[in-house]
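Per-entry structural report
Chain by chain, the residues run as shown.
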Amino acid sequence: MERLDFSITLTIRAPFLFPGIQPGRFGLDRCQLTDVHGRPVMPRDQVKGLVRHGLEALGRTDLISQCFGAASGDVAPNRLSNEKPERSAEALAPDHGRIFFTDLVADKVADRGLLPMPRVEIEPNSGAAKTGHLALIEQVVRPAKPTTFSGSVIIFTDEDEGSVQGWLRAALDAHLSVGAMKSVGFGEVIRVDVKERPVAKPCTPTGRGSVALWEFELDRPYLVDAERIAENCYRGRREVSGAALKGLLAEALKRRGISVDGLEQALSDLKVGFAAPAGSGPAMPASIIWHIDREGFFDLAGSEQCRGRIDWQADWKGDIWDKARSVWKGGAPVCYEERVHTAIDVGTGAANDAMLFSTLACKPAGCFRAELSFTGAAERHQSLLIEALCGELPGLGRTDAVLRTTSLTLSAPTSPQQPEGLVHLKLETPGLLANFTDAGEGGDATEAYRQFWSTVLPRSPLRQQFSRQRLIGGYQALRFRSESVYRPFLLTEPGAIFEFDLNAGETGILCDIIRNGLCRKEVEGVKLDWRNCPFVSENGYGSFSLYRPGVE
């Protein structure tokens, strides 16, 4: 399958409206979406919808299934039958598309000084304006003035370049107008241009060895490991999990048609750590509390007790978190790009009922870093994986962000520090550790963790623990759990602290945990791997480091 890159240019006559949800000037009811430089933006989802609807109008439904994929959960072979679909990672795996758009950005900055355009609904009987139905629409370009919106698209296909360029232009040409309020003359399309665009050159790896430091950049805000924070609002996490990165790599190998014996196992064994933006800082230790009486931080790890009034991290407000970030160098707060999405009926051009939701995608802050381990992989498998990693990888997360590798530095693995005596382990990434049933009837979280760690370090008793947990259900639980009963996953959150009296005979086990991570291998008798659980150590979950208690 060949990769083709095209630039897309749409010239639109004002007035036009691609609404955003950022606050506008006082009195405006609908505002134009703009980028950080103040230029009007046509969202990538809308461009994608234009091409899809254009192909439907042209009768090219074959291209729709090839390029746009299918929604998660709609790709099981028996989805059209009355049979109950199989609950497995394969049956509910998403059918990824092969076409990736960027936003189309205007060639000029929005003119915020223009008068808004009024829209009013007229009462049919009296002919007067209907009460409460006046809307003021922001105008950022003078009426009748053309504005050029430019962006790009990446397509993976077996067709030749001329054919793809032809149907892509035809699909966009099928629309006389775009954006909101088309029925009253907004968004008239007066020109469409689709041209070939050169592909970026891959980076060159340096060094030799079985571990690597991977540095990359993202070309847009990204939405991965999203959590539902309201009825129809989803927020992404700042860190990009190894599961998301490994899935992106697997899709890249699949598109290139690479099928080598043993490569699937090598990809499964490849350890991809979590990627965090440079300067984001380590996870906040869960043992840190705010002492109200002393007006300072206190670390409960390694301490007998703390007298007085305290606030746990769950009770901290913004000012306490700001102080904590300055002490532990946790980095700046995450900045989000919020957008509203809705499905449009191809026949009426109106929004479909109950198909509206909003997303909070993280804005990338510089370069990302992740650690890789190819330990155990054959040399030819490692070479194929590295070759794929060094190129561009489009399609990360909900926003289809394009990952561009800036450097890949290989080296030999190093041995961690040898711990002894009283040891504190800090969880750096989410981990599948204790389970619901570990504590037994009437047990608490400490007992559950004590039971878990007794299977890992049987001669090193757990003295105390400080942790937070999170339930992961929904699509993840339905896709990866095979039981007939709905069971969410219980993840321990980063920053958890575990205190042990380390037995000298188990030092090697603890060093292996620090080097390779740790997640439980089975739940209630069911062995776990990537096929039935995404939260495995090979995907970066359950990463640990040695922790020294205290507030510096």
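Please refer to the structure placed before this passage.
Residues numbered from 1 in each chain as written. Predicted model: local features only at pLDDT ≥ 70, side-chain atom pairs only at ≥ 80, totals over all residues. Heavy atoms only, no water.

Focus: the pattern of salt bridges
Stated precisely, the cut-off is as follows: Any carboxyl oxygen of Asp or Glu that lies within 4 Å of a side-chain nitrogen of Lys or Arg is treated as forming a salt bridge with it. For every residue, the accessible area obtained with a 1.4 Å probe (protein chains only) is divided by the maximum for its type, and the residue is called buried under 20%, exposed over 50%, and partly exposed between those limits.
If you walk through the whole model with that rule in mind, you get 32 salt bridges. With a closest N to O distance of 2.8 Å, Asp5 and Arg3 form a salt bridge. As far as burial versus exposure is concerned, Asp5 and Arg3 are alike and both buried. Notably, a salt bridge pairs Asp107 with Lys108, separated by 3.2 Å at the nearest N-O pair. In the salt-bridge network here, residues are joined through shared partners; they are Arg3, Asp5, Arg197, Glu392 and Arg404.

Quick word on the side chain of Gln165
Note the cut-off: Helix numbers and strand numbers start at the N terminus; a helix is a DSSP run of H or I with at least 4 residues, a strand a run of E with at least 2. Pairing of N or O atoms within 3.5 Å defines a polar contact, subject to two protein rules: one partner must be a possible hydrogen donor and the other a possible acceptor, and residues neighboring in sequence count only if both atoms are side-chain atoms. Residue contacts are defined here by distance: any two heavy atoms, one from each residue, within 4.5 Å place the two residues in contact.
Structurally, Gln165 is set in helix H3 (residues 161-173). At a separation of 2.6 Å, a polar atom in the side chain of Gln165 contacts the main-chain carbonyl oxygen of Val194. Non-local contacts of Gln165, meaning those with residues more than four positions away in its chain, are made with Phe6, Val194, Lys195 and Glu196.

Here's the deal with H3
Going by this rule: Given a helix with a known number of residues, its expected span is that number minus one, times 1.5 Å.
Over its 13 residues, H3 extends 18 Å from the first C-alpha to the last, a length consistent with the 18 Å expected when each residue adds 1.5 Å. Among the residues of H3, those classed as buried are Val164, Gln165, Trp167, Leu168, Ala171 and Leu172. Elements in contact with the buried residues of H3: strand S1 (2-13), helix H1 (44-57), helix H2 (61-68), strand S9 (146-157) and strand S10 (188-196). With a side-chain oxygen positioned 3.2 Å from the backbone nitrogen of Gly162, the residue opening H3 is Asp160.

Some thoughts on the nonpolar core
Put simply, the rule reads: Among buried residues, those of type Ala, Val, Leu, Ile, Met, Phe, Trp, Tyr and Cys that are joined through side-chain atoms within 4.5 Å constitute a nonpolar core.
One finds Met42, Val51 and Trp167 to be the most contacted residues of the largest nonpolar core, which totals 36 residues. Every residue in contact with Val51, bar those within four places of it in the chain, is listed here: Phe68, Phe101, Trp167, Leu168, Ala171 and Leu172. Core analysis: the next-biggest nonpolar cluster, separate from the first, contains 35 residues, Trp214, Phe216, Ala370 and Cys390 among them.

As for the pairing of strand S18 (residues 296-299)
Counted only if it meets this: Pairing between strands requires that DSSP locate at least two bridges from one strand to the other.
When strand S17 (residues 288-291) meets S18, the two strands line up antiparallel, connected through four bridges. Considered in S18, the bridge of Ile288 is made with Asp299. In this antiparallel pair of consecutive strands, S17 and S18, the connection spans four residues, and Glu295 shows a positive phi of 55°.

Let's talk about unusual backbone geometry
Glycine aside, residues mostly have negative phi, and peptide bonds are mostly found in the trans state. With omega at 10°, the peptide bond leading from Ala14 into Pro15 counts as cis. If you check the backbone angles, Ala144 has positive phi at about 75° while not being a glycine. Summarising the element assignment, Ala144 is placed in the loop between strand S8 (129-137) and S9. In this model, Glu295 sits at a positive phi of 55°, which is unusual for a non-glycine residue. For Glu295, the position within the fold is in the loop between S17 and S18.

Comments concerning the side chain of His424
Tracing the sequence through the fold places His424 in strand S25 (residues 421-427). Given a relative accessible area of 6%, His424 falls into the buried group. There is a polar contact of 2.8 Å between the side chain of His424 and the side chain of Glu499. Ignoring sequence-local partners within four residues, the contact set of His424 consists of Ala301, Gly302, Ile497, Phe498, Glu499, Ser545, Leu546, Tyr547 and Pro549.

Quick look at the sheet that holds strand S14 (residues 233-235)
Going by this rule: Comment: axis = line fitted to C-alpha atoms, over the contacting stretch for helices; angle = value between 0 and 180 degrees taken between N-to-C directions.
The mixed open sheet is built from four strands, whose spatial order is S13-S14-S21-S20. Of all strands in the sheet, those with a lone pairing partner are strand S13 (227-230) and strand S20 (336-344), marking the two edges. For this sheet, the mean inter-axis angle between neighbouring strands, taken without regard to orientation, is 30°. One ladder, built from three bridges, connects S13 with S14; its direction is antiparallel. Directly across from Arg228, in S14, lies its bridge partner Tyr234.

Concerning the packing of aromatic side chains
Quick reminder of the rule: Pairing of aromatic side chains here covers Phe, Tyr and the six-membered ring of Trp, requires ring centres within 6.5 Å, and sorts the geometry by plane angle: under 30 degrees stacked, over 60 edge-to-face, intermediate tilted. Here, a charge over a ring is recorded when the distance from Lys NZ or Arg CZ to the ring centre is within 6 Å and its angle to the ring normal is within 35 degrees.
A full pass over the atoms with the stated rule returns 20 aromatic pairs. Judged by centre distance (5.4 Å) and plane angle (70°), the rings of Phe452 and Trp453 are edge-to-face. Phe452 sits in the buried class, given a relative accessible area of 6%. Here the aromatic residues Tyr449, Phe452, Trp453, Phe498, Phe500 and Phe544 are joined through ring pairs into a cluster of three or more. Taking the ring centre of Phe156 as reference, the NZ or CZ of Arg255 above it sits at 4.6 Å.

A look at the pairing of strand S7 (residues 117-122)
Pairing of S7 with S8 involves five bridges; the strand directions are antiparallel. Across the sheet, residue Val120 finds its bridge partner in S8, namely Leu134. The hairpin turn running from S7 into S8, its antiparallel successor, is six residues long, and Gly127 in that turn takes a positive phi close to 80°.

A few points about a nonpolar patch on the surface
Applicable threshold: Excluding any residue in a salt bridge, patches collect residues exceeding 30% relative accessible area, merging like charges within 9 Å and nonpolar Val, Leu, Ile, Met, Phe, Trp and Tyr side chains within 5 Å. For the accessible areas, the method is Shrake-Rupley and the probe is 1.4 Å, while residue cover comes only from the protein chains on display.
Taken together, the side chains of Ile21, Val340 and Leu356 present a nonpolar region at the surface, about 240 Å² in accessible area. For Leu356, the location among the structural elements is in strand S21 (residues 351-362). Look at Leu356 and you get partly exposed, because its relative accessible area is 46%.

Overview of the sheet that holds strand S29 (residues 497-502)
Taken together, the four strands give an open sheet; going across it, the order is S26-S29-S25-S32, and neighbouring strands pair in antiparallel fashion. Of all strands in the sheet, those with a lone pairing partner are strand S26 (462-466) and strand S32 (544-546), marking the two edges. Going across the sheet, the axis of each strand differs from the next one's by a mean of 25°, ignoring polarity. Relative to S32, S25 is paired through three bridges, and the arrangement is antiparallel. Its bridge partner lying in S32, Leu425 is registered against Leu546.

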